[in-house]
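What follows is the residue order along each chain.
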Amino acid sequence: MNKEKLFYRALAGEALGVDEGLWLYEEAPGGELMAVADEIRRRQVPGDRVGWIIDRNINITNVCISGCKFCNFHCKKGDEAAYITTLEEYIPKIEELFRAGGRQVLLQGGMHPQLGLGFYTTLFRQLKTRFPALKLHALLSRPYVKGRDWYDFLWYSARGIQPDLALLQNALQQHGPWADKPIQVTLSWLQDHMAAVIAGIDWRAAQLDVQRFLPTAEQEGLRAWGIDLFMQQLGRVCHIN
Ligand code: SF4
């Protein structure tokens, strides 16, 4: 491989392959790698102020009903290996993180069928009470379409699970387009805003985004994805049909 050509392609915004990245990691001088990385960073975030955050990933549970094809982590409820991380198990991991200078935990894990929203909000509250300086990277409001989010929406709406409006309002006012805005989240507000989003989504792209994670047998169901299906499910959630 040729170092200059790889640098040139990276600086032109082209994604390098895994083998190319590995080769650069092993062969290119650290100073040159840093200079190229800094130039690419500078184009996205101009200026001389650069920061980073030390965080740690902790898995909430390995029980998951999704079964993504690539995942060798998940298992079924009742399996010998199944676990839900307890508060006592989080504490030493977070203490270790703090000792290493870190302040953020990325909480991730499987979709456990028995863990409702209350489980997560209680967990977040307990962690923040125990570690007030801790930053939680857990629930987010994405500014782009991710097929997986809509897969989850179907999962919840098909089971008649209703949104907790107070919690939703609180979350929306903390992050995303409604941050710090005086919104009043009602079922009718939710219906109006979600209907506008559903009408504007490229459902074919959303299908393709999630298709690669699903077992073949489940991929067939993606053919129904479109405005009609999601409007119908939105109606179930908001009790308006
Ligand atoms: S949702 Fe996450 S934990 Fe569940 S199967 Fe997919 S990758 Fe694995």
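What counts, and at which threshold
- Residues numbered from 1 in each chain as written.
- Predicted model: local features only at pLDDT ≥ 70, side-chain atom pairs only at ≥ 80, totals over all residues.
- pLDDT = per-residue confidence, 0-100.
- Helix = DSSP H or I, 4+ residues; strand = E, 2+ residues; numbered from the N terminus.
- Pairing = 2+ DSSP bridges.
- Axes fitted to C-alpha atoms, helices over the stretch in contact; angles between N-to-C directions.
- Contact = placed C-beta atoms within 7 Å.

Some words on the confidence of the model for the protein chain
Then, number 1: Per-residue confidence for the protein chain averages 90 on the pLDDT scale, and 99% of its residues sit at or above 70.
Then, number 2: Between the elements of the protein chain, mean pLDDT differs from a low of 85, seen in helix α7 (residues 165–172), to a high of 97, seen in helix α4 (residues 87–99).

Brief notes about the sheet that holds strand β3 (residues 135–137)
Then, number 1: Taken in spatial order, the 3 strands make up an open sheet running β1-β2-β3, and their pairing is parallel. Strands at the two margins of the open sheet, each flanked by one partner only, are β1 (55–59) and β3. When strand polarity is set aside, the average angle formed by the axes of neighbouring strands in this sheet is 25°.
Then, number 2: With 3 bridges joining them, strand β2 (residues 104–108) and β3 adopt parallel strand pairing. If you follow Val105 over to β3, its bridge partner there is Leu136.
Then, number 3: The sheet strands contacting α4 are β1 and β2, and the helix crosses β1 at an angle near 165°.

With respect to the environment of Gly30
Then, number 1: Within the fold, Gly30 resides in helix α3 (residues 30–44).
Then, number 2: In this structure the C-alpha to C-alpha distance between Gly30 and Val45, which are 15 residues apart in sequence, comes to 21 Å.

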